[in-house]
Amino acid sequence: MPTLASVLLVDDDPTTNYLNKLLLTRMGAAEQVLVAENGEQALRTLVQTCVAETTTCPRLILLDMNMPVLNGLGFLEAYGQLPLTQQQAIVVVLLTSSLHPVDLARAQQLPIAGLLNKPLTKEKVHTLLQEHFA
Amino acid sequence: MAAFASPESAPSFEPDSLLQDLLAVSLTAVNLLRPCYSPTGELDDFAPAYFNPAAQRMTGLPERPVGTARTLFPDIFTNGIFAFYRQVFETSEPGQLERYYQADGLDNYFYIAARRSGQWLWVSFTDTADQPRTAAENALRERQAREQQARAEAEQQRGELAYVVARAPVAMGLLRGPNFLIELANTRMSQLWGRPAEQLLGQPHFEALPDLAGQGFEQVLRDVLTTGQAYEQWEQPILIAQPEQRYKAYLNITYLPEYDASGQPTGILIYASDVTEQVLARQQVQLLNEELAALNEELRASNEEYQQANAALSLSQQQLEAARAEAEAERQRLYQVLMRMPANIALLRGPEHVYDLVNAEYERLFPARTTLGRTIREVIPDIEGQGFYELLDRVYETGEPFYEAETEAWADFAGTGEPQRRYYRTTFEPIRNAQGQVTEVLNVAVDITAQVEARQQVEQLNQELGTRVQARTQETLALQADLLAAAQRQVQVRESFYQVFEQTPAAVSLLRGPTYRFEYVNPVYQQVFAGRQLVGHDFAEVLPDAAAQGYLAMLEGVYHTGETFFGAEVPFVSEQPDSPPHTVYFNFTYQAYREHGEIVGISTFALDVTEQVLARQERETQRQQLEQLFMQAPTPIVILDGPDLVFQLVNPAYQRIFPGRALADKPLLEALPELVGTPIPDLFQRVYQTGEPITVQELPLWMARYEGHAPEEIYWTFTYQARRTTHGVIDGVRVFAHDVTEQVRTRQRVHQLNEELDEANQELAAINEELMAANEELHESNTQLSRTNVDLDTFVYTASHDLKAPITNIESIVLALRDTLPASVQQDEVVAHLLDLLNQTVGRFQLTIGQLTDISRLQLVHAGPAEPVVLAPVVENVRLDLAPAIGAADVRLSVEVAPDLVVSFSPANLRSIVYNLLSNAVKYRAADRPAQVRVHAEQTASEVVLTVQDNGLGMSEVQQRQLFGLFQRLHTHVEGTGVGLYITKRLIENAGGRIAVQSQPGAGTTFTVTFPA
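Residues numbered from 1 in each chain as written. Chains lettered and ligands numbered in written order. Predicted model: local features only at pLDDT ≥ 70, side-chain atom pairs only at ≥ 80, totals over all residues. Heavy atoms only, no water.

What follows concerns the overall build of chain A. For chain A, the count of helices and strands is five helices and five strands. Written out in order from the N terminus, the α and β elements of chain A read β-α-β-α-β-α-β-α-β-α. Looking at chain A as a whole, 51% of its 134 residues are labelled buried. A separation threshold of at least 6 residues defines the contact pool for chain A, and within that pool the share at least 24 residues apart is 69%. For chain A, the accessible surface area stands at approximately 6,400 Å², while carbon and sulfur atoms represent 51% of it. (Helix = DSSP H or I, 4+ residues; strand = E, 2+ residues; numbered from the N terminus. Buried < 20%, exposed > 50% of the residue type's maximum accessible area, 1.4 Å probe, protein only. Contact = heavy atoms within 4.5 Å. Areas by Shrake-Rupley, 256 points an atom, 1.4 Å probe, with all protein chains shown as cover.)

The following block contains the structure:
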């Protein structure tokens, strides 16, 4: 199983973030886990870490949908506009509770690599890494 | 002017004594004239030389009057008599002339004979006034004068009636005989028929009016004529081919039979009034009615509740229609009965003739007796022995009707205990049932007692009168007979005598001996029996026809008694060998003549009065017809005479307006003082003053429609017309009425119906408005509910989502704890149990949230589209899915689903339903008995019915009510969230199906699902 240099968790629930960070760290799936509590924080983190080429620029973003300030959809729209050199290498996966069918349909149109239902488990992480980073 | 040969200078006439005697005894007037010539030699006058006593009597002139014809009889120069004299004198050809002479103090129908004798002209003339003025004759003449006066009055009445008939606003006509010859048609009838009366009179009805043929009138007329029954037609449509166009009219027509002297119907009186305008007006109203009904229909469509209300209304409308139709039918029936009302009518049932029905008139026959339900023998025992019972028996047994024009009946009609005699026109008519058996006899009797008694009185009176006249004339004429006998004895002057009678216009004969041999007949007499050799033969031999008609008997009477016989207008049917028999009438005398005091023969003088008799008979017939028309007219007619408006003629229909009141010969306001102060007298005065006719429309009067019947309200339209003399001066007022009750009633009913419809429409419109308001309110609350539903959907989704996040976290926390806790701790019994409980709790929580999410999905996305699904494989799949549970519980499952049964449904939803029901049946089994589940499906006419039946726990009624509710869990011992049946029901009902449950606690449960085809 590959170990990713950096993973960004975007979720407004600190418990979720804590548990997911713990899981990834324990599995040894990521060297560094960044956390953003909404879409805007996530954008700021990306600008800080990815404009210049750094090791902290996340390879994987696990993105929640419903968030205050800027939700998942809003983030994805703004993310598409960012002049990021490594953008092509970043994998964005939606991690969410069951989706409203209308939102789900819209998500299919967005530049995301995959979709996972909460909760995040070891099995799901394994599969994800195998799929996108093997 | 004056003749140059003046009378004074002319030779005077000196008859010898014999001739003088003859002339003196002659019954006819004889005078002798001498011609007078003008200066140009033209015969231009006659001077009288001698008038015999008869001529003196008739002209009132002396034996030798002074003057000439120009001064004595100036009128003969204009009426042709002078020309006749001159012609006879100049041609020497004897001649005869008949003239009605009404001048110079004469007023009669004259027979004049003239004959030239040398330079003289004999003139003989006679008339009925030429009789000796004996007392008996004066009596006769007085009778004649009275008769003439009566005739004149009758003539005046005839004229009056003719005017009434001609001008009546009701059309009247009289048809006669099997070809329906039009004998009478008044102005109104000619207008209706669309042709002038001259083209119609005397013509067969359907030849003169071919356009009326084939409209059903033939049968009606034939029926009236054959049955003698009156007939009425109401609002009869009639097509008349007018010169310009066909004209359709509606008429009320009454047909009344007219009877001849023997009681046979030979004619039909027709009264018709034009009700076209009323009918058309009513049809318009009905059209309006229909439009209203159509409007109703439109309103009816506007919504469901309105429709119901309208249906109810429509029903009541139909009821109204039906009630009206029924009322109409009843009216017809009643009318038929009323038609017969003036007669006594009874219906007698069975062989014992039990009174089943009697009309009012009949009841009045025996006011003190009870009729209904009793036999005729019980009710009228007093007619026993008069043959009526036997008659009834015969009609009942043979079924042959009985008619009699004049039936005499003795019974105690007056209730005095003594029988009285009455006369009836009687009918016994068998009434048959559907099988043709006689069950009843209808007795109709018209009381004609008054007519019969009047006729009998007249007959008696006539006989008495005849006897008296005979007696009084007897003696006075003896003298005349003696004179005649004296003349007869003058054999030597017989030839002269004959010569005079040769000229007389009367038929003269002398009969001799007991065989009445003709000794002499004058030319007039011979002419009556032209072609027969009379003189020298016996009366009975050569005149067998006259002998057979009673003339021989008259001769016998005179010969044996010596009493002169006077015949007035005696008919004689002449039977000549080569011409058809024809009737002539004579005024004549048979006088005995005597020789030596012994009767040896009879002289006869006869004047032909056929023309007068026929003319009078014709006028009398006409008068009777007109009077009948007038009297039988079903509508009131009255004539008021002079400025005081004296009732002159009142027909029975008018009299019924004022029953029991004497009107005739009284002034209007004296006869009817209650009219003072009403507008009626002014109305009469206006007509009298201005001559303008006035019509009063639809005047309601409380009166009997038929004689002797209960009064009812009848609407009449009255027409008031001025009556004028021949000089155009108004001298009276005529009033006609016609019955418009039915039209008024119908219009009133239609108006009422219209108002009711209007009212109903308004009510419906109000209901409609209310319903529309209610609809709007419903629509509003619907919108609100829809909004609330959307809000709820959103809430459910949001809630499920928001709940999901924390439970997911708890699940993750448990996982993290298991990873984190050292194995020793995890193996601690309590910790391990707590972790398990935590896992279970999280699991159930997630199931609940999952189903909640399903519900919200159900709301948002309707089940997938329906498609044909074969049911059997779906059931089989579910069975396989549930196989572990079925096996574990040892459930005996039977599936009865035809392999080709197809249901139209969303496949996923169908599976969900089957799964739910089958898993429930397994889950809620009873622990104390082997579980049995039966799945059955069948195709009905338009649906597929699926039943899932178990023998499980069952449910109480309260439980059954909660069954399909959300989050209803009826049992706690099994897994479940209480959402499954709610969703199942929603899925079925959303697709237009139904689900029902039948259950008994401790026995089992059956779910029945009906899928739409």
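Turning our attention to the packing of helix 30 (residues 907-923) of chain B against helix 32 (residues 980-990) of chain B. All names here are of chain B. In the contact formed by helix 30 and helix 32, the axes pass within 10 Å of each other and the chain directions differ by 140°. If you check the angle between helix 30 and helix 32, you find them oblique. You can see that helix 30 and helix 32 cross each other, and the crossing is left-handed. Residues Asn909, Ser912, Ile913, Asn916, Leu917 and Asn920 of helix 30 form the contact with helix 32, whose own contacting residues are Gly980, Leu981, Thr984, Leu987 and Ile988. The class makeup of the residues in the contact of helix 30 with helix 32 is five nonpolar, six polar and no charged. (Axes fitted to C-alpha atoms, helices over the stretch in contact; angles between N-to-C directions. Parallel < 35°, antiparallel > 145°, perpendicular 65-115°, else oblique. Left-handed = near helix turned anticlockwise from the far one by under 90°. Nonpolar A, V, L, I, M, F, W, Y, C, P; charged D, E, K, R; others polar.)

Attention shifts here to the interface of chain A and chain B. Listed by partner, the interface residues are 16 residues for chain A and 16 residues for chain B. In total, chain A and chain B occlude about 1,400 Å² of area from one another, counting both sides; carbon and sulfur atoms represent 56% of this. Inspection of the region where chain A meets chain B yields one salt bridge. For the salt bridge of lysine 122 of chain A with aspartate 819 of chain B, the shortest nitrogen-to-oxygen distance reads 3.4 Å. (Buried area = accessible area lost by both parts, 1.4 Å probe. Salt bridge = Lys/Arg side-chain N within 4 Å of Asp/Glu carboxyl O.)

Bringing the sheet that holds strand 16 (residues 507-512) of chain B into the picture now. Residue and element names in this part refer to chain B. Strand order in the open sheet formed by five strands is 17-16-20-19-18, and the pairing between neighbours is antiparallel. In this open sheet, the two strands that pair with only one neighbour each are strand 17 (517-521) and strand 18 (565-574). Strand-to-strand twist of the sheet, defined as the mean angle between neighbouring strand axes without regard to direction, takes the value 30°. Sheet contacts for helix 20 (residues 551-561): strand 16, strand 18, strand 19 (582-595) and strand 20 (598-608); angle to strand 19, the most-contacted strand, approximately 20°. Against the sheet, helix 21 (residues 610-632) makes contact with strand 18, strand 19 and strand 20, and its axis sits at roughly 135° relative to strand 19, the strand it touches most. (Pairing = 2+ DSSP bridges.)

All names here are of chain B. Strand order across the open sheet formed by five strands is 12-11-15-14-13, with antiparallel pairing between neighbours. Each of the sheet's edge strands pairs with one partner strand only, and the pair in question is strand 12 (354-358) and strand 13 (402-411). Mean inter-strand twist for the sheet, computed between neighbouring axes without regard to direction, equals 35°. Bridging between strand 14 (residues 420-432) and strand 15 (residues 438-447) involves nine bridges; their strand directions are antiparallel. Following the sheet pairing, phenylalanine 428 is matched in strand 15 by asparagine 443.

In the UniProt entry, the feature "modified residue: 4-aspartylphosphate" (unreviewed entry) is given for Asp64 of chain A. Among residues more than four places away in sequence, those in contact with aspartate 64 of chain A are Val10, Asp11, Asp12, Gly72, Leu95, Thr96 and Lys118 of chain A. (UniProt positions renumbered as here; feature names shortened; annotations may be inferred.)

Moving on, we get to the pairing of strand 4 (residues 91-96) of chain A. Residues and elements named next belong to chain A. In terms of burial, strand 4 is a largely internal element, six of the six residues being buried. Note: strand 4 against strand 5 (residues 114-117), four bridges, orientation parallel. Residue leucine 94 lies in a different strand from strand 5, and its bridge partner there is leucine 115.

Turning our eyes to something else, we now look at the nonpolar core. All names here are of chain B. If you look at the biggest cluster of nonpolar residues, it comprises 39 residues, and the most contacted ones within it are Leu871, Leu917, Leu946 and Phe1011. Looking at this core, the elements that each hand over two or more residues are helix 28 (871-881), helix 29 (883-889), strand 28 (902-905), helix 30, strand 29 (932-939), strand 30 (943-950), helix 32 and strand 32 (1004-1012). At seven residues, helix 30 tops the list of elements feeding residues into this core. Excluding residues within four positions of it along the chain, leucine 917 makes contact with Val948, Leu981, Ile995, Phe1007 and Val1009. (Core = buried A, V, L, I, M, F, W, Y, C linked by side-chain atoms within 4.5 Å.)

What follows covers the side chain of threonine 604 of chain B. Looking at the element boundaries, threonine 604 of chain B is found in strand 20. A distance of 2.5 Å separates a polar atom in the side chain of threonine 604 of chain B from a polar atom in the side chain of serine 509 of chain B. (Polar contact = N/O pair within 3.5 Å; in protein donor to acceptor, adjacent residues only side chain to side chain.)

This next bit is on the state of the cysteines. All names here are of chain A. In the structure shown here, the tally under the stated rule is one disulfide over all chains. Paired by a disulfide, cysteine 50 and cysteine 57 hold their sulfur atoms 2.0 Å apart. Between cysteine 50 and cysteine 57, the S-S torsion sits near 100°, and that sign places the bridge as right-handed. (Disulfide = S-S within 2.5 Å.)

Next up on the list: a negative patch on the surface. All names here are of chain B. A cluster of acidic residues, Glu755, Glu756, Asp758, Glu759 and Glu763, forms a negative patch on the protein surface. Within the secondary structure layout, glutamate 755 lies in helix 25 (residues 741-820). For glutamate 755, a relative accessible area of 55% gives the class exposed. (Patch = residues over 30% accessible without salt bridge, like charges linked within 9 Å, V, L, I, M, F, W, Y side chains within 5 Å. Lys, Arg positive; Asp, Glu negative; His and termini not counted. Charge placed at Lys NZ, Arg CZ, Asp CG, Glu CD.)

Time to look at the confidence of the model for chain B. All names here are of chain B. When pLDDT is averaged along chain B, the result is 79; 80% of the residues meet or exceed 70. Scored below 50 in pLDDT, residues 130-134 shows 16 contacts in the model against residues more than four places distant or in partner chains. Across residues 333-341, confidence stays below pLDDT 50; counting only partners more than four residues off in sequence or on other chains, it has 16 contacts. Scoring the predicted complex yields pTM 0.33 and, for the interface, ipTM 0.72. (pLDDT = per-residue confidence, 0-100.)

All names here are of chain A. Viewed as axis vectors pointing N to C, helix 2 (residues 39-50) and helix 3 (residues 72-81) meet at an angle of 25°, and their least axial separation amounts to 9 Å. Our classification of the angle between helix 2 and helix 3 gives roughly parallel. Crossing geometry of helix 2 relative to helix 3 is assigned as right-handed. Along the contact surface, helix 2 presents Gly39, Ala42, Leu43 and Leu46, while helix 3 presents Phe75, Ala78 and Tyr79. Of the residues assigned to the contact of helix 2 with helix 3, the class counts are six nonpolar, one polar and no charged.

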